[in-house]
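These are the residues of each chain, in order.
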Amino acid sequence: MIENQIRLLAAIMFTDIVGYTLLMQENEKSAKELRDRHRRVLEKCVLLHKGSILQYYGDGTLTIFGSVIEAVKCAISIQKELQKEPKIPLRIGIHAGDIVYDDDGVYGDGVNIASRIQSLSVPGGILISDKVNDEIRNHEELDVILMGEFRLKNVKRPLEIYAIKSEGIVIPDSKELESKAGFSSRSIAVLPFLNMSTDIENEYFSDGITEEIINALTKVEGLKVTSRTSSFAFKGKNLDIRQIGNQLNVSTVLEGSVRKFGNKVRVTAQLINIADGYHFWSEVYDRNLEDIFQIQDEISRHIAERFKAKTNVDLPGKPLVKAYTKNIDAYNLYLKGLFYFGKWTPENIQKGISLFEEAIEKEPYFALPYSGLANCYVVLSATGVMTPAEAYSKAQEAALKAIALDENIAESHISLALVRMFNEWEWEGALSSFERAMEINFGSSVVHQAYSLYLMAKGDLEESIKEMELAYSLDPLSIILNNELGEVYLYAERHDDALKQFEKTLELDPNFWAARLNFAKVLLIKGETHKSIDILKEVRRSANDGIKCLPFLACAYTQIGKMEEVQKLIEEILNYKKENDVSYNLELATLYAGTDNAERMYLYLEEAYKEKIGGMIFLKVFPIFKKFRNDPRFLNLLTKIGLDK
């Protein structure tokens with residue numbers, strides 16, 4: 001076949017219709033009409049600009065041009081034409097490079113790069129590589145905007161990506177591109193600072209310093225900062241810094257150490273460039289312990305200034321780290337509480353609560369421990385350790401107190417938003433709290449993760465995905481985030497993406513039963529019933545709360561006609577509910593939805609509504625209730641929850 005290969009240097013253009021697969025599921029005739037219109041417009045424009053369409057693939061195309069200028073002009077013509085009714089949401093990516101094609105298809109690095117750039121683009125937008133920009137930079141009629149430097153999948157070097165700027169052409173938000181690519185040259189991971197003190201118990205202090213620096217850097221507009229969960233995943237591991245940086249998809253890593261002795265503290269810090277492993281900045285800070293907030297601010301500001309010198313980041317005029325208290329004993333207790341909260345087990349969270357309360361006793365006007373308490377109670381409710389009514393009441397009280405003392409703590413507003421959303425179903429208040437949290441700290445993964453849940457509950461799945469993908473890009477090793485990203489893909493009916501995401505989650509933790517349960521749900525929807533049953537049975541045996549999987553197991557048994565097994569599962573849930581005095585009304589409603597028993601489903605949904613079960617807020621998007629979404633009784637229930645809009 002080698003003799004039939006053709007190799008050439010060309011401008012490569014990929015196009016792709018966004019949402020075509022979902023449209024095919026909803027309206028096949030309309031989807032095909034849009035695809036045909038896309039092809040007609042493409043063929044007309046490509047011919048005018050002397051290009052050649054090499055390949056159609058469903059809703060996309062691969063086209064080459066002898067001229068980069070003609071490729072860009074063609075892309076502009078296509079997008080402007082497709083903005084007319086009926087509009088077609090098309091992404092376009094262009095690269096210039098070497099390609100090879102023969103009877104079996106087209107391939108080469110150039111093709112891969114163009115394809116990756118297209119996938120990074122947005123509907124109505126045109127993204128180009130730095131090579132394409134080099135060719136068009138002297139053509140005044142072709143204007144561009146630099147989006148930043150990105151590392152694309154299976155592409156060795158980071159690429160500068162530009163957006164074509166022209167009337168009618170959509171220019172994407174750079175943050176959206178970063179969340180898609182998962183990499184930016186303006187990115188940093190702060191690794192846990194080593195505890196160099198003689199007392200091993202001072203580990204809480206070095207961890208606290210690390211966390212405060214992470215929080216400070218997230219306030220720097222334009223700087224992407226890896227969240228605590230992912231950074232702390234490397235604690236105690238002797239790995240090459242470049243390996244860590246590549247795994248976290250960042251350009252820079254900060255590492256350091258803390259030595260605490262008496263009333264003195266020494267903090268060392270150094271910045272490392274991931275591309276070559278070069279240490280391009282380091283500093284040693286010797287201070288009194290009372291100056292700890294100043295040290296954290298100095299380190300954060302020095303780092304931000306380093307990035308400002310070479311990239312477009314906005315350095316705030318005010319301090320990045322605020323001196324929240326002069327009471328060092330209270331601050332130490334707060335850091336210890338934070339240390340135990342970060343372990344995310346019920347026992348350690350209870351320790352965290354005790355330490356936060358002790359800090360408050362020493363300094364009642366210290367806002368951070370109240371914020372820590374609110375976070376603890378939200379987690380205890382979410383994990384079922386405390387009843388929602390009790391936990392959310394305590395969380396709300398603590399969050400409101402923290403905000404009263406200092407309304408510039410993003411975490412307090414997030415806790416309040418979650419209480420308003422899950423417990424009070426007070427949607428406007430929740431949105432207001434989320435917006436304030438993002439205003440304070442847009443770079444926090446927790447803000448975007450929680451806001452994504454709000455959008456998911458409201459049924460805005462496209463925006464929910466964007467927020468969760470952004471959160472995921474900031475915290476790629478968080479098991480919870482990996483799983484929740486898969487869930488929002490599932491609710492948006494992006495089933496293949498959901499399966500891949502749950503597989504990634506299970507690579508991080510093979511024993512994470514929630515991801516295995518979700519994996520089984522997707523298989524059930526895709527009709528792979530027997531595979532789903534095998535996984536559900538295994539989850540039932542190994543999960544802490546095996547009852548959660550029984551509704552879906554009942555649905556699977558219904559699909560294969562094993563109704564006697566369904567009845568056994570119903571009796572098991574009812575017996576467990578009676579013996580343990582717990583509510584499984586939402587689980588029973590889910591079971592009856594999956595077995596097509598509408599009357600019993602509504603009976604238990606009403607009971608779950610009366611109890612204000614938190615999971616009720618996702619009724620609008622749960623796949624198992626899809627067939628009931630137009631039923632007046634179901635719509636009435638959504639209205640009562642506040643989800644009718």
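Structure shown above.
Let me begin by describing the structure that accompanies this report. Note that the coordinates shown come from a computational prediction; the quantities given were computed from them, not determined experimentally. Starting from 1, residues in each chain are numbered consecutively following that chain's sequence as written. This being a predicted model, a pLDDT of at least 70 is required before a residue's local features are given, and a value of 80 or more before pairs of side-chain atoms are given or counted; all residues contribute to the totals for chains, interfaces and linings. With hydrogens and water set aside, each side-chain value is computed from the structure's full complement of heavy atoms.

Turning next to the packing of aromatic side chains. Think of it this way: a Phe, Tyr or Trp ring, Trp meaning its six-membered ring, pairs with another when their centres are within 6.5 Å, and the plane angle makes it stacked under 30 degrees, edge-to-face over 60, tilted otherwise. The tally for this structure, following the rule as stated, stands at 21 aromatic pairs. Plain terms: the ring middles of Phe434 and Tyr451 are 5.7 Å apart, the flat faces sit at 55 degrees to each other, and that makes the pair tilted. Of this pair, Phe434 sits in helix 16 (residues 427–440) while Tyr451 sits in helix 17 (residues 445–458), placing them 17 residues apart in sequence. Among the residues examined, Phe434 registers a relative accessible area of 0% and is labelled buried. We call a residue buried when its accessible area falls under 20% of the maximum for its residue type, exposed when it is over 50%, and partly exposed in between, using a 1.4 Å probe and counting protein chains only. Assessed through its relative accessible area of 15%, Tyr451 is described here as buried. Taken together, the ring pairs in this structure connect Phe293, Tyr324, Tyr331, Tyr334, Phe356 and Phe366 into an aromatic cluster. Sitting over a ring, as applied to charges here, requires NZ of Lys or CZ of Arg to be within 6 Å of the ring centre and within 35 degrees of the ring normal. Taking the ring centre of Phe205 as reference, the NZ or CZ of Lys260 above it sits at 5.2 Å. We note Lys640 situated over the ring of Tyr609; from NZ or CZ to the ring centre the distance is 4.5 Å. Counting from the N terminus, the helices are DSSP H or I runs at least four residues long and the strands are E runs at least two residues long.

Let us look at helix 23 (residues 550–559). Residues spaced three or four apart along an α-helix point in a common direction, a consequence of the helix completing one turn every 3.6 residues. Where burial is concerned, most of helix 23 is hidden: 9 out of the 10 residues are buried. The elements touched by buried residues of helix 23 are helix 21 (513–525), helix 22 (529–542), helix 24 (563–580) and helix 25 (585–594). Directly beyond the C-terminal end of helix 23, a positive phi value near 80 degrees is found at Gly561. Contacts between residues were defined by any pair of non-hydrogen atoms, one from each residue, lying within 4.5 Å.

With that settled, the discussion passes to the pairing of strand 14 (residues 279–288). Note on pairing: two strands pair once DSSP finds at least 2 bridges between them. Direction of pairing for strand 13 (residues 264–273) relative to strand 14: antiparallel, over a ladder of 9 bridges. Paired with Val267 across the bridge in strand 14 is Tyr285. Taken together, strand 13 and the strand that follows it, strand 14, pair antiparallel across an intervening segment of 5 residues, in which Gly277 is found at a positive phi of about 75 degrees.

Before going further, it helps to spend a moment on the packing of helix 7 (residues 203–217) against helix 11 (residues 328–341). Helix-helix packing is characterised by the crossing angle of the two axes and by the distance between the axes. As a packed pair, helix 7 and helix 11 sit with axes 9 Å apart at the nearest point and diverge in direction by 85 degrees. Judged by the inter-axis angle, helix 7 sits roughly perpendicular to helix 11. From helix 7, Glu203, Tyr204, Phe205, Asp207, Gly208, Glu211 and Glu212 reach across to helix 11, where they touch Tyr331, Asn332, Tyr334, Leu335, Lys336, Leu338 and Phe339. Gly counts as polar in this scheme, as do all residues outside two lists: the nonpolar Ala, Val, Leu, Ile, Met, Phe, Trp, Tyr, Cys and Pro, and the charged Asp, Glu, Lys and Arg. Grouping the constituent residues of the contact of helix 7 with helix 11 by class yields 7 nonpolar, 2 polar and 5 charged. Note on definitions: angles span 0 to 180 degrees between N-to-C directions of axes, and those axes are lines fitted to C-alpha atoms, for helices only across the stretch in contact. These descriptions rest on fixed angle ranges, namely under 35 degrees for roughly parallel, over 145 for roughly antiparallel, 65 to 115 for roughly perpendicular, and the rest for oblique.

Glancing now at unusual backbone geometry. Cis rather than trans, the peptide bond between Glu85 and Pro86 has omega equal to -5 degrees. Along the chain, Pro86 turns up in the loop between helix 3 (68–82) and strand 4 (90–102). Of note, the phi angle at Lys50 is positive, near 60 degrees, even though the residue is not glycine. Tracing the chain through its elements places Lys50 in the loop between helix 2 (28–48) and strand 2 (51–57). According to the relative accessible area criterion, Lys50 is exposed, its value standing at 66%. Not every positive phi belongs to a glycine, and Asn249 is a case in point at roughly 60 degrees. By secondary structure assignment, the location of Asn249 is in the loop between helix 9 (241–248) and strand 12 (252–261). In this structure Asn249 comes out as partly exposed when scored by relative accessible area, which is 22%.

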